[in-house]
Structure formats: structure tokens, C-alpha cells
Amino acid sequence: MTADAAKTAPSDLAYVPFVSVENMMRLVHHVGIETFLEELASHIEADFKRWPEFDKSPRVASHVPGGVIELMPTADNALYGFKYVNGHPKNTRTGHQTVTAFGVLSEVATGYPVLLTEMTVLTALRTAATSALVARHLAPKDASVMAMIGCGAQCEFQAMAFRALCGINRLRLYDLDPKAVEKASRNLTAQGFEVTRCGSGQEAVEGAQVITTCTADKQYATILTDNMVGAGQHINAIGGDCPGKTELHRDILLRAEIFVEYPEQTRIEGEIQALDADHPVTELWQVMRGEAPGRRDAKQITLFDSVGFAIEDFSALRYVRDKVQGTSFAEPLDMLADPDDPRDLFGMLTRSAG
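Source: prediction; values computed, not measured.

**Q** Just checking my understanding: could you explain the overall build of the chain for this structure?
**A** The secondary structure content of the chain amounts to 12 helices and 17 strands. Relative to the compact-globule value of 20 Å for 354 residues, the chain shows a C-alpha radius of gyration of 22 Å, a close match. Principal axes of the C-alpha set define a box for the chain whose edges measure 75 × 45 × 40 Å. Counting every atom, the chain has about 15900 Å² of accessible surface; 53% of that belongs to carbon and sulfur. Treating the 33 positive side-chain charges of the chain as one cloud and the 47 negative ones as another, the clouds have centres 4 Å apart.

If you want it as C-alpha cells, here you go:
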């Protein structure tokens, strides 16, 4: 390296650890999918238990033709994290993913990023880990069967998390698209699940203690009608996650005890957008801290009105940062300008011409 080149070469401060999709998948297999989900759930629970420490706000959503593009920020006193994520239900028609994402974790003290990572795979894992973590508090203690209505990209992740965290290995699958059911059944059978393919949503929920709804269409839909839900069931509603997009009949909400992540966001985006603004809900952080009850009795209908909240992504970013430090699962990315004199950014630019 010449002297001039050395002057313009990036310094250590210029580099940010970057986790690509390939390296994220390598990391998950290195740890083990179910272990990864369990450890990730532990990080999420730890952060929920210190909920008051976080700066919180509903995500910033731009509703665009065919979907939505969102930024999800949060911070504690040491770290700031955000995720960019889209949701475009019709993307699969052109070979695109419905959801893609990436995220950044930064130090509050300097504002410098300390991690840049893909979050398409990671979001699927954190969504599933959150669902199963919540079910530990809300599902019947003897739950052994889960109905999955909607067999898209999230389906298998949910199943893996519920087995890892709740011991559920029997699945009843339904989707309007038979090919989606076939895909999910093939993948899950290969993972050792006992799978039943069902011809309707009504058939899928029969004998299930947990019902997971995970559909993608951006519309007011009725995936579960009131007569499909019985006493003692836990509903994990994860498909309704933006204004104008729901999955459950309103009467189910009126019969269920409703648990949410962040009411200010869920009332805009969740199933409870169909209810009065003051309809009572329980915040999950209070349940995890022991300040509010979860499931109280065997006959209670519990509903996790899941929309996804930034603290869950913060937890995932924090977990991945810990896992990749000092490993080959992250590569240094020349991302930050770092001139010798912090005030001479222009000089750095002009010297690079040589």
C-alpha cells in the first residue's frame, strides 16, 4: 500500500459488522433452530421485563399501492435499534417475498452503528419466538395441538417455536391455497411434526387448544368466525398488523381476554381496531413482570393480538450482536466515513481522488 493510499484507507471506526442472509442462516444452523428460538425468546422476555426503560412509539408506516413500508425504532439508555420492513401481500405473484427487512443497532453514546443485519429471516424467527413466549403465559397448560390457518412463509417458524417453547408437536393445517398446505406439510413432517391437512378453517380448529391465524391479504377478513372458537382456547392472531387488515370476527374479541404488546400501536393496526378505543386490554410486559395475570382459568379464551413491536426487533438485534462477535458470521462493512481530523470530511474526499 502506498503512503497516499494508507492515508485514505478506512480506519477501524469505519467498519460496521454486517450479517448477510447467508451468514444469518449459517448462524441459525450453527446454534440449532430450536435453541436459537429459545435463546431469542429469553432475550425478548428480558427486554419486556424492563419495558419502562425503553423509548417507545408506534412504528412509522407509509401505506403505498399494494402494501406498506415501515420503520420500527426504539432505544434504551445504551443502544438504539430500528428495523426497515415492508409488507406487500401480492409480491409472491412476481416471485418476491411478501415481507423483507433489515435492521441496525447503534450505540446511544456516539450514534455509531455496531451492527447491520438482514432481518427477513430474523423477523420470521423473532415473530415466532414472541408468539410462543406469549403462549407460555396464556395457552392452556396441557396444550398439545395447534391449528395453523395460513401456511405462508411464517407457518413453519411458528410451529418450530411452539414446539421449542411449549412442547406442541401436533399441527392441523389449513390454507385457501392447497399448494401452501402441501409446502408446509412437507417441511413440517420432515422436522418430525405430526401433521393433519384440513379442508377448512372449521376443521382445522377442531380439537386444537391453540389457534394461530397468519394470513397476508391486506383487508378486513373473517378467518375465524365466532362459532369456531370455544372455551379454553388460546388465539395467536398474527396476520392483522396494519389499519384495514384483520382476521377475527368482532364477537370473538368481545368474548376473549385480549393481550397486546403496545396499545398505542395495536389499537391502530391490530384486531382491536374493530373495537372502541377504550376497550380494556392487558399489556404483555405487565404479565411477564407478574404485575397482571395471564391465563386465569381453564375456560378462559385468551387472545394475543400480535402486530409486532420494535422492542422485539431490538431484542433480536441485541441477541445477534452477542452471537456474532468474534465469529465469521459477520463481515466488516466499510460504512462510516472516518477522516483523520473529524472536522475535515471534505479533505478526506479530495485526498481520495489521488
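**Q** Sorry if this is basic, but what is going on with the sheet that holds strand β12 (residues 234-237) here?
**A** Through backbone hydrogen bonds, the strands of a sheet pair up, either in parallel or in antiparallel fashion. The sheet built from eight strands is open, its strands ordered β9-β8-β7-β10-β12-β16-β14-β15 with parallel pairing. Every interior strand has two partners, whereas the edge strands, β9 (194-197) and β15 (282-283), have only one. Pairing geometry for β12 and strand β16 (residues 302-305), over four bridges, is parallel. Within β16, the residue paired with N236 across the bridge is F304. Helix α4 (residues 120-138) contacts β12, β14 (257-260) and β16 of the sheet and is inclined by roughly 155° relative to β16.

**Q** I would appreciate a short explanation of the nonpolar core in the present structure.
**A** Soluble, globular proteins show a tendency: their nonpolar side chains are buried together. One finds L27, F36, L40, L173, L188, V320 and V324 to be the most contacted residues of the largest nonpolar core, which totals 71 residues. No other element matches α4, which puts 10 residues into this core. When sequence neighbours within four positions are dropped, the list of residues in contact with L188 reads C155, E156, A159, L171, L173, F193 and V195.

**Q** Would you take a moment to explain the sheet that holds strand β3 (residues 67-75) for this structure?
**A** The seven strands lie next to each other as β2-β3-β4-β5-β6-β1-β17, forming an open sheet whose pairing is mixed. With one partner strand each, in any of the chains shown, β2 (60-64) and β17 (331-334) form the two edges of the open sheet. Geometrically, the sheet is characterised by an average inter-axis angle of 20° between neighbouring strands, direction not taken into account. The pairing of strand β5 (residues 101-107) with strand β6 (residues 113-118) spans five bridges and is antiparallel. When the sheet's bridge partners are listed, S106 is paired in β6 with P113. Contacting β3, β4 (79-87), β5 and β6, α4 runs over the sheet at an angle of about 90° to β6.

**Q** So what exactly am I meant to see when it comes to the side chain of D47 here?
**A** Considering the arrangement of structural elements, one finds D47 in helix α3 (residues 33-48). At a separation of 3.0 Å, a polar atom in the side chain of D47 contacts the side chain of R50. D47 has contacts with F54, I311, F314, S315 and R318, leaving out every residue within four places of it along the chain.

**Q** Could you clarify how one ought to interpret the packing of helix α2 (residues 21-31) against helix α11 (residues 310-324) in this entry?
**A** Two numbers describe a pair of packed helices, the interaxial angle and the distance between the axes. Across the interface, α2 lies against α11 with an axial gap of 12 Å and an inter-helix angle of 80°. Taken together, the axes of α2 and α11 lie roughly perpendicular to each other. Contacts between α2 and α11 pair M24, L27 and V31 from the former with Y319, V320, K323 and V324 from the latter. In the contact of α2 with α11, the residues fall into six nonpolar, no polar and one charged.

**Q** Just checking my understanding: could you explain the pattern of salt bridges for this structure?
**A** One side chain can pair with another of opposite charge once the charged atoms of both are near each other. If you walk through the whole model with that rule in mind, you get 18 salt bridges. Residues E312 and R126 are paired through a salt bridge, measuring 3.4 Å at the closest nitrogen-oxygen approach. On the criterion of sequence distance, the pair formed by E312 in helix α11 and R126 in helix α4 is long-range, its members being 186 residues apart. Given a relative accessible area of 3%, R126 falls into the buried group. Note that D313 is salt-bridged to R126, the shortest N-O span being 2.7 Å. Here D313, found in helix α11, pairs with R126, found in helix α4; they are 187 residues apart in sequence, far enough to count as distant.

**Q** Could you clarify how one ought to interpret the environment of I311 in this entry?
**A** Tracing the chain through its elements places I311 in helix α11. Placed 235 residues apart in sequence, I311 and D76 show a C-alpha to C-alpha distance of 9.6 Å. In this view, I311 contacts D47, W51, F54, K56 and T74; residues no more than four positions away in its chain are not counted.

**Q** When you look at the packing of aromatic side chains in this model, what are you seeing that I'm missing?
**A** Pairs of aromatic rings are described using the distance from one ring centre to the other and the angle between the two planes. Applying the stated criterion across every chain, the model contains seven aromatic pairs. With 4.9 Å between their ring centres and 50° between their planes, F48 and W51 make a pair best called tilted. Each member of the pair, F48 as well as W51, carries the same accessibility label: buried. Each ring, one from Y84 and one from F102, has its centre 5.2 Å from the other, and the planes form 15°; the classification is stacked. Highlighted residues: Y84 in strand β4 and F102 in strand β5, separated in sequence by 18 residues. Taken together through their ring pairs, the aromatic side chains of F48, W51, Y262 and F309 make up a single cluster. Here R163 stacks its cationic end above the ring of F193, 4.0 Å away from the centre of that ring.

Criteria and thresholds
- Residues numbered from 1 in each chain as written.
- Predicted model: local features only at pLDDT ≥ 70, side-chain atom pairs only at ≥ 80, totals over all residues.
- Heavy atoms only, no water.
- Helix = DSSP H or I, 4+ residues; strand = E, 2+ residues; numbered from the N terminus.
- Rg over C-alpha atoms; globule rule 2.2 N^0.38 Å.
- Areas by Shrake-Rupley, 256 points an atom, 1.4 Å probe, with all protein chains shown as cover.
- Lys, Arg positive; Asp, Glu negative; His and termini not counted.
- Charge placed at Lys NZ, Arg CZ, Asp CG, Glu CD.
- Pairing = 2+ DSSP bridges.
- Contact = heavy atoms within 4.5 Å.
- Axes fitted to C-alpha atoms, helices over the stretch in contact; angles between N-to-C directions.
- Core = buried A, V, L, I, M, F, W, Y, C linked by side-chain atoms within 4.5 Å.
- Buried < 20%, exposed > 50% of the residue type's maximum accessible area, 1.4 Å probe, protein only.
- Polar contact = N/O pair within 3.5 Å; in protein donor to acceptor, adjacent residues only side chain to side chain.
- Parallel < 35°, antiparallel > 145°, perpendicular 65-115°, else oblique.
- Nonpolar A, V, L, I, M, F, W, Y, C, P; charged D, E, K, R; others polar.
- Salt bridge = Lys/Arg side-chain N within 4 Å of Asp/Glu carboxyl O.
- Phe/Tyr/Trp six-rings, centres within 6.5 Å; stacked < 30°, edge-to-face > 60°.
- Lys NZ or Arg CZ within 6 Å of the ring centre and 35° of its normal.

Nothing here speaks to function; it is geometry throughout.
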